[in-house]
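Coordinate inspection notes
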Amino acid sequence: MNPTRSPRLGRARARRPPAAPAGTVWLLRAGLRRPDVSLSLRGLVGADADVLADRDFRLLLLASLVSPMGASVVSPVVESLAGPYGVTATEAALLLSAFTAPGIVCIPLSGVFADRYGRKPVLASGLALFGLAGVALTLTTDFRVALALRALQGVGYTGIGPILITATGDLFSGARESTAQGVRFTVVGVSLTVFPFLAGLLVAFAWQYPFALYAAALPVAAAVWLLFEESADLDGADGGDDAGGDRDGPDPAAGDAEEAPDGPAQGGVRALLALASRPRVAATLLGRAAPGFLWFAFLTYNSIVIVRLLGGSPGAAGALVAVASVSSAVATTQTGRLTARFGRPLPTFAALVVGAVGLAGLALAPSVPVALAAGVPVGAGFSVSLTLYRSAITGLADDDLRGGLVSIGESVGRVGSTGAPVAMGAAVGLLTGPLGYDAAVRAVSVVVAAGVVVAGGALLLVGDMGVDRETEAVAAGDD
């Protein structure tokens, strides 16, 4: 078996040739053939940098470039789209809501499909739908049609983001998986830095051009379909001797799935709900909302702080988001090292504290340069805490339930991301009368920062974030 692989994979991965030894010269060969891992890359990422020698993981990284484009391409051009669609800028912002809304309902369904039929078909079809619906936006100026296409894109995304997390959890375990999730998030950070900039440039030529960027999802979908080797052990539920190989014993929830008298599908749902309702698992799933709440609080009010409170330019507000994105991309390269040395709970809490300090620093910043500096801890704290939460959730279930559990976690995270602007907007509106708008924005941001630390810390105490420091993930049955 490939030493970079998780023992979860059993027979499904036994035929994979071993990875090239680390410490050799980095050679990126043509296509997707395996590169060797350089000493410099090992120095940056850590001892588990050889996860990049895995071809399937590199395909997941390619798809990770696409995954954040749903919001990042549209967000910087919302105001420019108002004219072509004949709506106000506020109404044009519904293009973002139309994209995020389907995820609350559809993400759990994509997880069930991924557990039943495999990660590969769900990921490839999600990428294809995401790309086709996005490119179709270039063909219409009817706002209602555009909203419908954005909703279709949102449905497509539910087959991308959660599946990328789940498939990475299939391929690796323990500290190695934390490294892989961190590297994947670094690629997401690169996308968040590059594509908004490109969208801003392209919209100056024609309003349709930013939507053409979504065509990038189509060749990625084809590559996944043709080259990706199914990562889930779909035979495990039928008694495969390697299923759940990194567990100390059988998972009672998995047993329910096999023995349910109403059939495997209904039994699988019951087993998933039974697993998700365990107190420590439920607390971990709820904690997954904390990083998203923190990040969307930042995204919602960064431009208000920069432009209105500090008198800066919209360009400076865009630079702040870029700073936070670069910080998040760099910080996630260290998640494997942090996990190997400290486990998950302590680094996760520390990351929440760092992100909260950055958010409070932004709210209280006396000048634009100080506000820009606050983007560094916000991005780093958000990305590390999110990566570690995702890594923990993938370790709480075997192959037959992992996709469903990850999807529940992502739905909870989507609720947190959606709730931040709404809750903060209501609080600012309530406090504007007695405090004034500027003071209300600052006060609410500081309270949110403190709340994330308190609530996130409490859920970490109750939840199951543990990880063996060598290779094993914590068994869900340990509850």
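Criteria and thresholds
Residues numbered from 1 in each chain as written. Predicted model: local features only at pLDDT ≥ 70, side-chain atom pairs only at ≥ 80, totals over all residues. Heavy atoms only, no water. Helix = DSSP H or I, 4+ residues; strand = E, 2+ residues; numbered from the N terminus. Buried < 20%, exposed > 50% of the residue type's maximum accessible area, 1.4 Å probe, protein only. Areas by Shrake-Rupley, 256 points an atom, 1.4 Å probe, with all protein chains shown as cover. Salt bridge = Lys/Arg side-chain N within 4 Å of Asp/Glu carboxyl O. Phe/Tyr/Trp six-rings, centres within 6.5 Å; stacked < 30°, edge-to-face > 60°. pLDDT = per-residue confidence, 0-100. Contact = heavy atoms within 4.5 Å. Axes fitted to C-alpha atoms, helices over the stretch in contact; angles between N-to-C directions. Parallel < 35°, antiparallel > 145°, perpendicular 65-115°, else oblique. Left-handed = near helix turned anticlockwise from the far one by under 90°. Core = buried A, V, L, I, M, F, W, Y, C linked by side-chain atoms within 4.5 Å. Lys, Arg positive; Asp, Glu negative; His and termini not counted. Polar contact = N/O pair within 3.5 Å; in protein donor to acceptor, adjacent residues only side chain to side chain. Expected span 1.5 Å × (residues − 1). Patch = residues over 30% accessible without salt bridge, like charges linked within 9 Å, V, L, I, M, F, W, Y side chains within 5 Å.

Looking at the overall build of the chain
Along its length, the chain carries 23 helices and zero strands. Looking at the chain residue by residue over its 479 residues, the buried ones come to 55%. Summed over all atoms, the accessible surface of the chain reaches about 18300 Å², with 68% contributed by carbon and sulfur.

Here's the deal with the pattern of salt bridges
In the structure shown here, the tally under the stated rule is five salt bridges. Asp170 is the salt-bridge partner of Arg119, the closest N and O atoms lying 2.7 Å from each other. With Arg119 in helix H8 (residues 119-136) and Asp170 in helix H10 (residues 161-171), the pair connects residues that are 51 residues apart, well separated along the chain. Via salt bridges that share partners, Asp115, Arg119 and Asp170 belong to a single interconnected network.

Side note on the packing of aromatic side chains
Two numbers describe a pair of aromatic rings. These are the distance of the centres and the angle of the planes. Tallied over the entire structure, the rule returns 11 aromatic pairs. Ring centres of Phe130 and Tyr214 lie 5.4 Å apart, and the angle between their planes is 90 degrees; this geometry places the pair in the edge-to-face category. Placement of Phe130 in helix H8 and of Tyr214 in the loop between helix H12 (209-212) and helix H13 (217-227) is noted, with a sequence separation of 84 residues between them. For the pair Phe130 and Tyr214, one class covers both residues: buried.

Examining the confidence of the model for the chain
Across the chain, the average pLDDT comes to 76, with 76% of residues at 70 or higher. Within the model, pLDDT remains below 50 along residues 37-41, and this stretch shows 15 contacts once partners closer than five positions in the same chain are excluded. A low-confidence stretch, residues 467-479 (pLDDT under 50), is modelled with 38 contacts involving residues beyond four sequence positions or located in other chains.

Quick word on the packing of helix H3 (residues 55-66) against helix H11 (residues 174-202)
Between H3 and H11, whose axes approach to 8 Å, the crossing angle comes to 30 degrees. One way to sum up the angle between H3 and H11 is to call them roughly parallel. Pair H3 / H11 crosses with right-handed handedness. Here Phe57, Leu61, Ser64 and Leu65 of H3 come into contact with H11, specifically with Ala180, Val183, Arg184, Val187, Val188, Ser191 and Phe195.

As for the nonpolar core
Phe57, Tyr85, Leu127 and Phe130 are the most contacted members of the largest nonpolar core, which has 49 residues in total. Within the residue set of this core, elements represented by two or more residues are H3, helix H5 (78-85), helix H7 (94-117), H8, helix H9 (143-157), H10, H11 and H13. Here the element with the most residues in this core is H3; it accounts for six residues. Ignoring any residue separated from it by four or fewer positions in sequence, one finds Phe57 in contact with Val51, Leu52, Thr168, Leu171, Phe172, Ala180, Val183 and Arg184. Ranked by size, the runner-up nonpolar core spans 39 residues in total, among them Leu320, Ala356, Val428 and Val441.

Comments concerning the side chain of Arg184
Among the secondary structure elements, Arg184 is positioned in helix H11. With no salt bridge to any partner, buried Arg184 finds its closest opposite charge in Glu410, at an N-O distance of 6.9 Å. In this structure the side chain of Arg184 is engaged in a polar contact, spanning 3.2 Å, whose partner is the side chain of Ser64.

Some details on the packing of H8 against H13
One can describe the packing of H8 onto H13 by two numbers: an axis separation of 8 Å at closest approach and a directional angle of 165 degrees. Between H8 and H13, the crossing angle belongs to the class labelled roughly antiparallel. Of the two elements, H8 crosses H13, and the hand of that crossing is left-handed. Here Lys120, Pro121, Leu123, Ala124, Leu127, Ala128, Phe130, Gly131 and Leu132 of H8 lie close against H13, whose contacting residues are Ala217, Leu218, Val220, Ala221, Val224 and Trp225.

Topic: the environment of Ala133
By the secondary structure assignment, Ala133 is in helix H8. The exposure class of Ala133 is buried, given its relative accessible area of 5%. On a C-alpha basis, the gap between Ala133 and Tyr214 in space is 8.4 Å, while along the polypeptide they are 81 residues apart. With residues near it in sequence (within four places) discarded, Ala133 still touches Leu149, Leu152 and Gln153.

Some points on helix H20 (residues 345-364)
Given a rise of 1.5 Å per residue, 20 residues ought to cover 28 Å, and the 29 Å separating the end C-alpha atoms of H20 matches this to within 8%. Taken as a whole, H20 has its buried residues at Pro347, Thr348, Ala351, Leu352, Gly355, Ala356, Gly358, Leu359, Ala360, Leu362 and Ala363.

Details of a nonpolar patch on the surface
On the surface, Ile104, Val105, Leu109, Val112, Phe113, Tyr117 and Val415 cluster together into a nonpolar patch covering about 640 Å² of accessible area. It is H7 that provides the largest number of residues to the nonpolar patch, a total of six residues. One can find Val415 in helix H22 (residues 399-435). On the basis of relative accessible area, Val415 is assigned to the partly exposed category, the value being 46%.

Comments concerning the environment of Val453
Secondary-structure assignment places Val453 in helix H23 (residues 437-462). Setting aside chain neighbours within four positions, we find Val453 in contact with Phe349, Leu352, Val353 and Ala356.

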